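Observations on chain architecture
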Amino acid sequence: MSDSDGKKTLGLRGSGSRPGNVKQSFSHGRTKNVVVETKRKRVVVPKPGAAKPGASSAKAGGDPSRRPAGISDAEMDRRLKALQAAKAREVEEAARREAEEKARAEERDRRRAEAEAKEREQREAEEKARAKAEEEERKVREAAEAAQRAAAEAAAAASQPKAEPDARATAGRAPAAPATPRKQDREREQRTNRSKGRDDGRRSGKLTLNQALSGEGGRQKSLAAMKRKQERARQKAMGGPVEREKVIREVQLPETIVVSELANRMAERVADVVKELMKMGMMVTQNQSLDADTAELIIEEFGHKVVRVSDADVEEVIADVEDSDADLLPRPPVITIMGHVDHGKTSLLDAIRDANVTGGEAGGITQHIGAYQVKSKGGDILTFLDTPGHAAFTSMRSRGAQVTDIVVLVVAADDSVMPQTIEAINHAKAAKVPMIVAINKIDKPEANPDKVRAELLQHEVVVEAMSGDVQDVPVSAVSGEGIEELLEAIALQAEILELKVNPNRAAQGAVIEAQLDVGRGPVATVLVQKGTLRQGDIFVVGEQYGKVRALINDKGERVQEAGPSVPVEVLGLNGTPEAGDVLNVTETEAQAREIAAYRAQVSKDKRAAAGAATTLEQLMQKAKEDKNVAELPVLVKADVQGSSEAIVQAMEKIGNDEVRVRVLHSGVGAITETDIGLAEASGAPVFGFNVRANASARNSANQKGVEIRYYSVIYDLVDDVKAAASGLLSAEIREKFIGYAEIKEVFKVSNVGKVAGCLVTEGVARRSAGVRLLRDNVVIHEGTLKTLKRFKDEVAEVISGQECGMAFENYDDIRPSDVIEIFEREEFTRTLD
């Protein structure tokens with residue numbers, strides 16, 4: 001592109017004036033057009049070579065008389081130098097552009113020559129290769145023809161002379177020779193045309209995006225595009241388009257799905273799916289979600305099969321699989337000790353284990369569920385579960401009955417059948433497990449085993465001594481009498497049950513107890529039911545998951561694995577599970593995390609649904625009911641999950657229609673500053689069961705005035721809460737009749753009103769007592785006395801048989817023969833039974 005491009009250069013006009021019109025405006029709307037001529041002076045700039053060498057600086061600046069006004073000699077010199085430098089730069093740029101254009105032309109010629117030489121070499125190599133291939137083909141063809149001629153000559157040797165076939169062969173072979181040069185010329189011409197086409201494309205000045213991407217190292221065709229191209233070529237060769245067979249797919253459909261994901265699972269175009277939805281009247285985009293029913297219609301419209309899935313399918317990885325009989329091996333039986341409180345359950349187990357667990361329990365009563373293993377003299381291993389006997393530990397006893405094989409019902413011979421004994425019988429019947437009755441404390445003088453057997457008949461428990469099928473063994477935990485017979489009865493019952501399980505599978509167990517240890521974190525006591533639990537296994541238990549960091553048996557020893565019917569403490573959970581949750585081993589941590597998250601969400605949804613009022617009327621009714629009910633808020637922290645659960649259940653049973661106990665928060669572990677903050681906001685006391693508050697929590701409680709109470713026996717905790725809840729009950733008011741008086745005459749007294757002249761017929765009339773006015777045995781007024789006089793004196797009381805004057809407070813409708821009933825009100829403190 002040149003500098004001028006054919007345009008006229010800018011410059012000054014030759015000379016002369018430039019006429020123009022100017023419109024002048026005057027007042028009252030008058031205007032006048034005036035012709036104005038502007039004359040400009042002509043400035044002559046000398047050329048760079050016009051000055052003579054050796055001229056002075058005054059001459060270089062030009063004639064001052066012809067110079068524009070106001071321009072000095074120095075300014076004129078600077079302008080001339082700038083003009084000369086500009087023209088010199090133009091000359092240099094023109095020379096540089098010419099050199100660059102010449103270099104580019106040479107480079108183009110060089111590249112073109114190299115490309116032509118390369119193509120020429122390539123054509124020559126191709127021609128040589130083709131000539132070589134044709135030569136070899138000709139030789140092969142000649143060899144074949146020679147063989148054919150030999151065979152023909154051998155067949156026709158008797159009828160035809162030998163020279164004719166040679167002549168025919170030579171005549172037949174002669175026309176084939178000139179065909180090769182013509183074919184080579186045509187191919188050479190085609191290649192030349194193709195190369196010219198390529199040269200034209202390469203010589204073009206413009207470079208498009210497609211040309212840049214189609215070169216070497218640019219965008220390449222995908223494998224799917226190559227397959228489509230081959231398919232089109234195959235269809236074209238077969239003579240027409242061939243419809244591809246549609247692939248019917250099984251599409252997994254969750255509860256909600258995005259349109260793009262639905263198209264991806266069906267292997268269909270997103271545009272086709274959106275188009276189908278628009279036909280159904282749904283204007284959606286590929287990022288919007290569809291419900292399962294709508295997505296199912298779309299899938300069926302495209303001819304695929306629907307497989308409905310839900311969020312609960314994440315638990316399919318821990319589904320219980322039936323084991324084959326060949327994999328089953330014998331396992332130790334699980335025996336649960338149950339019975340009423342203080343009937344000697346733990347003492348009996350101590351006698352069997354030769355230990356002293358009772359001494360470690362507060363108050364001498366069991367308040368935790370324990371799991372132990374005992375090896376009998378016969379070499380059999382037995383697993384025992386010891387359950388509490390207190391009324392508050394119903395859930396613990398129920399869990400023990402659910403995971404056991406045999407229930408040993410302990411009944412004291414001197415106390416007979418009690419409420420928790422009956423409850424234990426019901427738990428055993430509900431779990432459908434066999435029962436063995438151990439009649440304890442037979443060493444006491446007042447022991448009466450026959451009375452125990454007779455009372456068990458009332459609850460459909462018929463022992464062998466009464467011609468039944470339930471074994472009964474008289475034992476004494478103190479003297480050890482009957483212990484061996486009890487173990488033999490347990491072994492016999494276990495042998496009848498034929499307990500077998502597969503130890504070589506993923507472990508499954510039940511959480512007997514769970515706690516939050518300060519140094520070890522969440523700890524769960526697990527009874528393995530199936531498989532073998534090993535250190536390093538990843539598991540999910542309820543809403544928690546984790547990896548087994550350590551396994552500790554009932555003797556406090558670390559073990560590497562725990563087989564069936566073995567109780568162990570499991571460390572490595574991310575949270576404290578609920579007692580009674582099932583432990584399942586998974587393959588990966590992602591599976592365990594996903595299952596735990598799903599269970600936590602389900603539990604959260606259930607709690608939200610249970611606490612939400614469905615209608616406004618129900619919400620108002622609940623608020624009206626709660627208005628008349630006094631609440632005692634409490635916070636409960638316990639050492640283990642089972643104790644916390646038992647205390648909460650006991651708290652919920654305390655109360656009546658007027659007062660109730662509300663547990664704001666319950667958990668395991670020490671009392672923290674967060675618990676104190678919650679208690680302060682709600683005005684609630686904090687109850688610690690076998691736990692203590694840390695230092696920061698104690699300081700915070702002292703500052704905020706929050707009461708912390710510690711307990712180690714559940715009896716004391718329940719009794720104190722009952723007493724506190726009883727204080728919220730309103731006092732009971734009872735009326736006590738103290739006398740009757742009959743009105744004989746009514747008098748009008750100034751400044752007092754009507755005064756009744758009465759005769760006290762029964763009891764006594766007191767000034768401070770309440771009165772009722774009866775007319776024909778109907779109460780017409782109830783109030784208090786304004787005055788009580790005998791003669792002219794104001795008295796406190798008047799006894800029976802005496803006359804007095806009475807005046808009612810704010811009531812004057814009294815008549816002769818009316819009866820006055822005198823009574824007193826007494827307040828009595830109420831308690832919760």
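Per chain, the residues get numbers from 1 upward, laid out in the order the sequence is written. Owing to the predicted nature of the model, reporting of local features is limited to residues with pLDDT of at least 70; listing and counting of side-chain atom pairs is limited to 80 or more, with chain, interface and lining totals taken over all residues. Only heavy atoms go into the side-chain values, all of them from the structure, while hydrogens and water stay out.

Focus: the overall build of the protein chain
Put simply, DSSP H or I for four residues or longer makes a helix, DSSP E for two residues or longer makes a strand, and each gets a number counted from the N terminus. When helices and strands are tallied, the protein chain shows 20 helices and 35 strands. Throughout, a contact is declared for two residues whenever any of their heavy atoms are within 4.5 Å. A fraction of 68% describes how many contacts in the protein chain between residues 6 or more apart in sequence connect residues 24 or more apart. Roughly 51,400 Å² of accessible area belongs to the protein chain as shown, and the carbon and sulfur atoms make up 50% of that amount. Accessible surface is estimated by sampling points in the Shrake-Rupley manner with a 1.4 Å probe; for residues, cover comes only from the protein chains shown.

Here we look at the packing of helix H8 (residues 270–279) against helix H9 (residues 292–301)
Angles shown run from 0 to 180 degrees and are taken between the N-to-C directions of axes, each axis being a line fitted to C-alpha atoms and, for helices, limited to the stretch in contact. Running from amino to carboxyl end, H8 crosses H9 at an angle of 115 degrees, the nearest separation of the two axes being 11 Å. By the criterion of interaxial angle, the relationship of H8 to H9 is roughly perpendicular. In terms of crossing hand, the pair formed by H8 and H9 is right-handed. Judged by residue contacts, Val273, Glu276 and Leu277 of H8 engage Thr294, Ile298 and Glu301 from H9. Residue polarity is assigned by list, with Asp, Glu, Lys and Arg as charged and Ala, Val, Leu, Ile, Met, Phe, Trp, Tyr, Cys and Pro as nonpolar; anything else, Gly included, falls into the polar class. Each residue belonging to the contact of H8 with H9 can be placed in one class, and the counts come to three nonpolar, one polar and two charged. Note on angle classes: values under 35 degrees are labelled roughly parallel, values over 145 roughly antiparallel, values of 65 to 115 roughly perpendicular, and the remainder oblique. Each crossing gets its hand from how the near helix is turned against the far one by less than a right angle, where anticlockwise is left-handed and clockwise is right-handed.

So, the sheet that holds strand S27 (residues 708–711)
Spatially, the four strands line up as an open sheet ordered S25-S24-S26-S27, and their pairing is parallel. Of all the strands in the sheet, the pair left with one neighbour each is strand S25 (659–668) and S27. Going across the sheet, the axis of each strand differs from the next one's by a mean of 25 degrees, ignoring polarity. Two strands are counted as paired when DSSP detects at least two bridges linking them. Alignment of strand S24 (residues 630–638) against strand S26 (residues 686–689), held across four bridges, turns out to be parallel. Bridged to lysine 637 within S26 is glycine 688. Sitting on the sheet, helix H18 (residues 673–682) is in contact with S24, S25, S26 and S27, with an inclination near 175 degrees to S24.

Some thoughts on helix H14 (residues 483–497)
A helix is expected to span 1.5 Å for every residue after the first. Along its 15 residues, H14 runs 21 Å from first to last C-alpha, staying within 8% of the 21 Å computed at 1.5 Å per residue. Looking only at H14, the buried set comprises Ile483, Leu486, Leu487, Ala489, Ile490, Gln493 and Ala494. Seen end-on, H14 carries its buried residues on one side only, within an arc spanning 160 degrees. What points out from H14, more than 90 degrees from its buried face, is the exposed set Glu488, Glu495 and Ile496. Packed against the buried residues of H14 are strand S8 (334–339), helix H10 (345–353), strand S10 (381–386), strand S11 (406–412), strand S12 (435–440) and strand S13 (471–474). Positive phi shows up at glutamate 498, right after H14, with a value of about 55 degrees. Throughout, exposure labels follow a simple rule: accessible area from a 1.4 Å probe, protein chains only, divided by the maximum for the residue type, with under 20% read as buried, over 50% as exposed, and the rest as partly exposed. Think of the arc as the fan of directions from the helix axis to the C-beta atoms.

Quick word on the pairing of strand S3 (residues 250–253)
Only one face of S3 is covered, namely the one carrying Val251 and Leu253; the face carrying Glu250 and Gln252 has none of its residues buried. In this sheet, strand S6 (residues 305–308) lies alongside S3 in parallel orientation, the contact comprising four bridges. Bridging from a neighbouring strand, glutamate 250 pairs with lysine 305 of S6.

A look at unusual backbone geometry
Of note, the phi angle at serine 467 is positive, near 65 degrees, even though the residue is not glycine. Inspection of the secondary structure puts serine 467 in the loop between helix H13 (449–457) and S13. A positive phi angle, near 65 degrees, is found at serine 565, a position not held by glycine. Residue placement: serine 565 occurs in the loop between strand S21 (561–562) and strand S22 (567–573).

Points about the packing of aromatic side chains
When the centres of two rings from Phe, Tyr and Trp lie within 6.5 Å, Trp using its six-membered ring, the rings pair. Their planes under 30 degrees apart give stacked, over 60 give edge-to-face, and anything left gives tilted. By the definition in use, this model includes one aromatic pair. Note on phenylalanine 687 and tyrosine 711: the rings are 5.8 Å apart at their centroids and 85 degrees apart in plane angle, and the pair reads as edge-to-face. Taken together, the positions of phenylalanine 687 in strand S26 and tyrosine 711 in strand S27 put the pair 24 residues apart, joining distant regions of the chain. Residue classification places tyrosine 711 among the buried residues on the basis of a relative accessible area of 8%. Counted as over-ring charges are cases with an Arg CZ or a Lys NZ within 6 Å of the ring centre that also lie within 35 degrees of the ring normal. A cation over an aromatic ring shows up here: arginine 772 above the ring of phenylalanine 823, its NZ or CZ 4.0 Å from the ring centre.

With respect to a positive patch on the surface
On the surface, Lys221, Arg228, Lys229 and Arg232 cluster together into a patch of positive charge. Checked against the element boundaries, lysine 221 lands in the loop between helix H5 (209–214) and helix H6 (223–238). Each patch is built from salt-bridge-free residues with over 30% relative accessible area, joining like charges within 9 Å and nonpolar side chains (Val, Leu, Ile, Met, Phe, Trp, Tyr) within 5 Å. Salt bridges are defined by distance alone: a side-chain nitrogen of Lys or Arg within 4 Å of a carboxyl oxygen of Asp or Glu. All tallies of charge rest on Lys and Arg as positive and Asp and Glu as negative; His and the ends of each chain are not included. Note on charges: their place is set at NZ of Lys, CZ of Arg, CG of Asp or CD of Glu.

Examining the pairing of S13
Strand residues, when the strand is regular, have side chains that alternate between the two faces of the sheet. As judged from the four bridges shared by S12 and S13, these two strands associate in the parallel manner. Within the sheet, the bridge partner assigned to isoleucine 436 lies in S13 and is glutamine 471. The definition of a right-handed crossover adopted here requires that, viewed with the strands pointing away, the path from the first strand over the helix to the second runs clockwise. Handedness of the crossover is the feature at issue here: the chain leaves S12, passes through H13, returns alongside S13, and the resulting connection is right-handed.

Some thoughts on the pattern of salt bridges
What the rule picks out here adds up to 44 salt bridges. Between aspartate 675 and lysine 637 there is a salt bridge, with its nearest N and O atoms 2.8 Å apart. With aspartate 675 in helix H18 and lysine 637 in strand S24, this residue pair connects regions lying 38 residues apart in the sequence. We note that aspartate 675, like lysine 637, is buried.

Description of H13
Among the residues of H13, those classed as buried are Val452, Arg453 and Leu456. Down the axis of H13, the buried side of the element spans an arc of 100 degrees, and every buried residue falls inside it. Structurally, H13 contributes buried residues whose contacts are with S11, helix H12 (419–431), S12 and S13.

Some remarks on the nonpolar core
Here the nonpolar core consists of buried residues drawn from Ala, Val, Leu, Ile, Met, Phe, Trp, Tyr and Cys, with membership extended through side-chain atoms lying within 4.5 Å. If you look at the biggest cluster of nonpolar residues, it comprises 23 residues, and the most contacted ones within it are Ile335, Leu348, Ile352, Phe384, Val408, Leu486 and Ile490. Elements with a contribution of two residues or more to this core: S8, H10, strand S9 (370–375), S10, S11, S12 and H14. Of the residues forming this core, the biggest block, six residues, is contributed by H14. If we ignore the near neighbours within four places in the chain, the residues touching leucine 486 are Leu348, Ile352, Val408, Ile436, Ala438, Val473 and Val475. By size, the runner-up hydrophobic cluster in this structure holds 21 residues, among which are Ala741, Val764, Leu773 and Ile820.

Remarks on the state of the cysteines
We call a pair of cysteine sulfur atoms a disulfide when they lie within 2.5 Å. Counting across every chain of the model gives zero disulfides. Considering cysteine sulfurs only, cysteine 804 is the nearest to cysteine 758, which forms no disulfide, with 5.3 Å between them. On the basis of relative accessible area, cysteine 804 is assigned to the buried category, the value being 7%.

Re the side chain of arginine 599
Here arginine 599 shows up in helix H15 (residues 589–611). Within the structure, arginine 599 has its side chain in polar contact with the backbone oxygen of glycine 542 (distance 3.1 Å). Excluding residues that lie within four positions of it along the chain, arginine 599 makes contacts with Glu315, Ile318, Val540, Val541, Gly542 and Glu543. Definition of a polar contact: a pair of N or O atoms within 3.5 Å, with one able to donate and the other able to accept a hydrogen when the atoms are protein atoms, and with sequence-neighbouring residues admitted only if both atoms are side-chain atoms.

Topic: the sheet that holds S9
Spatially, the six strands line up as an open sheet ordered S9-S10-S8-S11-S12-S13, and their pairing is mixed. If you trace the sheet from one side to the other, it starts and ends with S9 and S13, each paired once. Between one strand axis and the next, the sheet turns by 25 degrees as a mean value, whatever way the strands run. As paired strands, S8 and S10 are joined by four bridges and run parallel to one another. Bridging from a neighbouring strand, isoleucine 337 pairs with aspartate 386 of S10. Strands S8, S9, S10, S11 and S12 of the sheet are contacted by H10, whose axis makes an angle of about 155 degrees with S10.

These values are about where atoms sit, not about what they do.
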